[in-house]
Amino acid sequence: GSCSKSIKYTKYTFFHLKNILSQPLRLAFGYCAHFNMRSTQTHAILGVGVTIGLALPPFVRFLSRKLRAKSSSDDDDGNEQQKTKQNDTNAVRSGLLDNDSGNKSTIRIPRGQLEEFLSKILVQAGASPSHANLVASVLTYADSRGIPSHGSNRADLYANELSAGVVNGKATPVIEQQSGCCAVVNGKNGLGAVTSDLAMNTAISLAKEHGVGFVVCHMSNHYGAAGYWAQRALDAGLIGMSFTNTSPIVVPTGGKARAVGTNPFCFFAPAVRGNCNDREKSSERESFQLDMATSVVPIGKVEVMHRLGKACPEGWGVDREGVGSTDAEEICRRGGLYPLGGAEETAGYKGYGLAMFVEILCSVLSGAAIGPSVQPWLASREGHIDYGHCFIVIDPARFTSGFDERLSSYMKAMRSLPGNVNIPGDPERAFEIDAYKNGVILHNPVAATLKNLAKRYEVEIPLAFENIDVSISKKSLYAR
């Protein structure tokens, strides 16, 4: 870093100063010899040369120490700033954050209790019990895996949508079309999780029959964390892929207005074969689990930063003029997110292209609303938002045998590389195992929002929320 550069510079300086500092004596002797000066004059000049020669080295050593100290201080400051930024971002990702006074800014609650609590709120908001149970399972799945952006943070908007009647909490989706290994599902403007449940189950059945199952959906709504649906295929020993479009919130490369969604895609692959319906055990199974947005971050992370009252890291989003911004409310309400890769000079056009790829699979193929024509995700919207999803399931047994062993070997090789190399899904599995043992982590502001929702819908509040101050609750940035 800058410290090593300073040391190199100091060595270089000493090397040249050694030659430079010998010059006063040489010049003094030469000067005296050339002009045949008397001994007193010679002594005086030699004294000046010796004085300079003796005084400069300590001065240079002092200067060198100062340079090294400053360089080390700069490195420490840079490392501290980097740690602070990482802690801010990890807080959004994992829910683990302590405030300056050392008091916990999170609570823990058993997953079953949280799931039941969320389900009761959604039922009171207008969902059927079975549908509410499924949605609550999707939300707690995200929280338990350290992804609060897609967990209980979403409950208030879901409840507002149901109460406003813009989502039908009792609608039953249907398979509208099926041919070979392909199918189309009509969500009937029901809850996205309910539509996705039918679609993924259908894709799994088709994959078992044909080797591949390919199902798209239209007339749906927000389906939660993409990984929840890919996990279904993984539990059946299959490769699962999950995609969805969303409301425009990403500003495409070269543009100033939001025109595409965060459009996530997900790919889960089993490294250990066999069915596993025990979710606690399945979380410990070896597998590759990639779940990512095609934007720099999902918009839910920006919203969590807003709930925490924190600025977003630079590079997440832009303001209404398309200029980079760290203001969560400005990004969410008037600006937008960068595509994956960021600005054009850092290859953001690749993320923008991936977002369009997901849009084509989910919306162009299914007949759902497309890109700029998708309504904003607001409880105050008019009519159907018409999200599109895509689910692809592959049976690896239909290909070269030994897929799971080869994947296990590949993952082992990657993890054993120098440094600290993880496989996609490793951090989430660690959080999930911890959540089963110690309870799901919730940010206090998110817990406060749930507590307010419970009061609004007259639902009994769990003891874990007893000491939560509801005044720190913030409304969803989408609930306008």
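Residues numbered from 1 in each chain as written. Predicted model: local features only at pLDDT ≥ 70, side-chain atom pairs only at ≥ 80, totals over all residues. Heavy atoms only, no water.

**A short note on the overall build of the chain**
Consideration 1: Regarding its fold elements, the chain presents 15 helices and 12 strands.
Consideration 2: Summed over its atoms, the accessible surface of the chain is roughly 22500 Å², and 56% of this surface lies on carbon and sulfur atoms. (Helix = DSSP H or I, 4+ residues; strand = E, 2+ residues; numbered from the N terminus. Areas by Shrake-Rupley, 256 points an atom, 1.4 Å probe, with all protein chains shown as cover.)

**Considerations on the nonpolar core**
Consideration 1: One finds Trp229, Phe391, Val393, Leu450 and Phe465 to be the most contacted residues of the largest nonpolar core, which totals 70 residues.
Consideration 2: When near neighbours in sequence (up to four residues on either side) are disregarded, phenylalanine 391 contacts Ser196, Ala199, Met200, Ala203, Gly213, Phe214, Val215, Cys217, Tyr223, Trp229, Met241 and Ser242. (Core = buried A, V, L, I, M, F, W, Y, C linked by side-chain atoms within 4.5 Å. Buried < 20%, exposed > 50% of the residue type's maximum accessible area, 1.4 Å probe, protein only. Contact = heavy atoms within 4.5 Å.)

**Here's the deal with unusual backbone geometry**
Consideration 1: In the Ramachandran plot, methionine 219 falls in the positive-phi region, its phi being about 55 degrees despite a non-glycine side chain.
Consideration 2: Along the chain, methionine 219 falls in strand 4 (residues 212–220).
Consideration 3: Phi is positive for alanine 347, which is not a glycine, with a value near 70 degrees.
Consideration 4: Within the secondary structure, alanine 347 sits in the loop between strand 10 (336–337) and helix 12 (348–364).
Consideration 5: A residue is classified by how much of its surface remains accessible, and alanine 347, at 19% relative accessible area, is buried.

**Side note on the sheet that holds strand 2 (residues 174–179)**
Consideration 1: The 7 strands lie next to each other as 2-3-4-11-5-6-7, forming an open sheet whose pairing is mixed. The open sheet has two edge strands with one neighbour each: strand 2 and strand 7 (287–292). Each strand of the sheet is rotated relative to its neighbour by a mean of 10 degrees, with strand direction disregarded.
Consideration 2: Sheet topology note: the strand 2/strand 3 (residues 182–186) ladder contains 5 bridges and is antiparallel. Among the inter-strand pairings, isoleucine 175 is bridged to a residue of strand 3, identified as valine 185. (Pairing = 2+ DSSP bridges. Axes fitted to C-alpha atoms, helices over the stretch in contact; angles between N-to-C directions.)

**Let's talk about a nonpolar patch on the surface**
Consideration 1: The grouping of Ile360, Val364 and Ile370 at the surface amounts to a nonpolar patch, some 250 Å² of accessible area in total.
Consideration 2: The partly exposed category is assigned to isoleucine 360, whose relative accessible area is 48%. (Patch = residues over 30% accessible without salt bridge, like charges linked within 9 Å, V, L, I, M, F, W, Y side chains within 5 Å. Salt bridge = Lys/Arg side-chain N within 4 Å of Asp/Glu carboxyl O.)

**As for the environment of lysine 301**
Consideration 1: Structurally, the position occupied by lysine 301 is in helix 10 (residues 299–308).
Consideration 2: With 152 residues separating them in the primary sequence, lysine 301 and serine 149 have C-alpha atoms 5.0 Å apart.

**Thoughts on the packing of helix 4 (residues 111–125) against helix 15 (residues 444–456)**
Consideration 1: As a packed pair, helix 4 and helix 15 sit with axes 10 Å apart at the nearest point and diverge in direction by 45 degrees. Looking at the two axes, helix 4 sits oblique to helix 15. Regarding helix 4 and helix 15, the two cross each other, and that crossing is left-handed. Only Leu450, Leu453 and Ala454 of helix 15 make contact with helix 4, whose side of the interface consists of Leu114, Phe117, Leu118 and Ile121.
Consideration 2: Residue classes in the contact of helix 4 with helix 15 are distributed as 7 nonpolar, no polar and no charged. (Parallel < 35°, antiparallel > 145°, perpendicular 65-115°, else oblique. Left-handed = near helix turned anticlockwise from the far one by under 90°. Nonpolar A, V, L, I, M, F, W, Y, C, P; charged D, E, K, R; others polar.)

**Here's the deal with the pattern of salt bridges**
Consideration 1: In the structure shown here, the tally under the stated rule is 17 salt bridges.
Consideration 2: The partner of glutamate 286 in a salt bridge is arginine 415, with the nearest N and O atoms 2.8 Å apart. A residue pair is termed long-range when its members are at least 10 positions apart, and glutamate 286 in the loop between helix 9 (279–282) and strand 7 and arginine 415 in helix 13 (residues 403–415) qualify at 129 residues.
Consideration 3: Given the relative accessible area of 25%, glutamate 286 is considered partly exposed.

**Remarks on the confidence of the model for the chain**
Consideration 1: When the pLDDT values of the chain are averaged, the result is 83; 75% of them are 70 or greater.
Consideration 2: Low pLDDT, under 50, characterises residues 48–52; the predicted model gives this stretch 5 contacts beyond four residues in sequence or across chains.
Consideration 3: In this model residues 67–91 is a low-confidence stretch, pLDDT under 50, and it forms 18 contacts with partners more than four residues away in sequence or in other chains. (pLDDT = per-residue confidence, 0-100.)

**Examining the sheet that holds strand 10**
Consideration 1: On the basis of which strands lie adjacent, the open sheet formed by 3 strands has the order 9-8-10 and antiparallel pairing. Two strands bound the open sheet, and with one partner strand each, they are strand 9 (324–325) and strand 10.

**Notes on the packing of aromatic side chains**
Consideration 1: The tally for this structure, following the rule as stated, stands at 8 aromatic pairs.
Consideration 2: Pairing phenylalanine 243 with phenylalanine 357 gives two aromatic rings, centres 6.1 Å apart and planes at 90 degrees, and the pair type is edge-to-face. One end of the pair, phenylalanine 243, is in strand 5 (residues 239–244); the other, phenylalanine 357, is in helix 12, and 114 residues separate them in sequence.
Consideration 3: On the basis of relative accessibility, which here comes to 5%, the residue phenylalanine 243 falls in the buried class.
Consideration 4: For phenylalanine 357, a relative accessible area of 39% corresponds to the partly exposed category.
Consideration 5: Three or more aromatic residues link up through ring pairs in this structure, and these residues are Tyr141, Tyr228 and Trp229. (Phe/Tyr/Trp six-rings, centres within 6.5 Å; stacked < 30°, edge-to-face > 60°.)

**A word on the pairing of strand 12 (residues 440–443)**
Consideration 1: Residues Val440 and Leu442 point to one face of strand 12 and Ile441 and His443 to the other, with burial holding for every one of them.
Consideration 2: Relative to strand 12, strand 1 (residues 106–109) runs antiparallel, the two sharing 4 bridges. Its bridge partner being in strand 12, threonine 106 is matched across the sheet by histidine 443.

**Looking at the side chain of asparagine 153**
Consideration 1: For asparagine 153, the position within the fold is in the loop between helix 5 (129–144) and helix 6 (155–164).
Consideration 2: Taking relative accessible area as the criterion, asparagine 153 reaches 2% and is therefore assigned buried.
Consideration 3: Within the structure, the side chain of asparagine 153 is placed 3.4 Å from the side chain of glutamate 303, a separation counted as a polar contact.
Consideration 4: Reaching out from asparagine 153, the side chain makes a polar contact with the side chain of arginine 307 at a distance of 2.6 Å.
Consideration 5: Aside from chain neighbours lying at most four places away, what touches asparagine 153 is Pro148, Gly300, Glu303, Val304, Arg307 and Val446. (Polar contact = N/O pair within 3.5 Å; in protein donor to acceptor, adjacent residues only side chain to side chain.)

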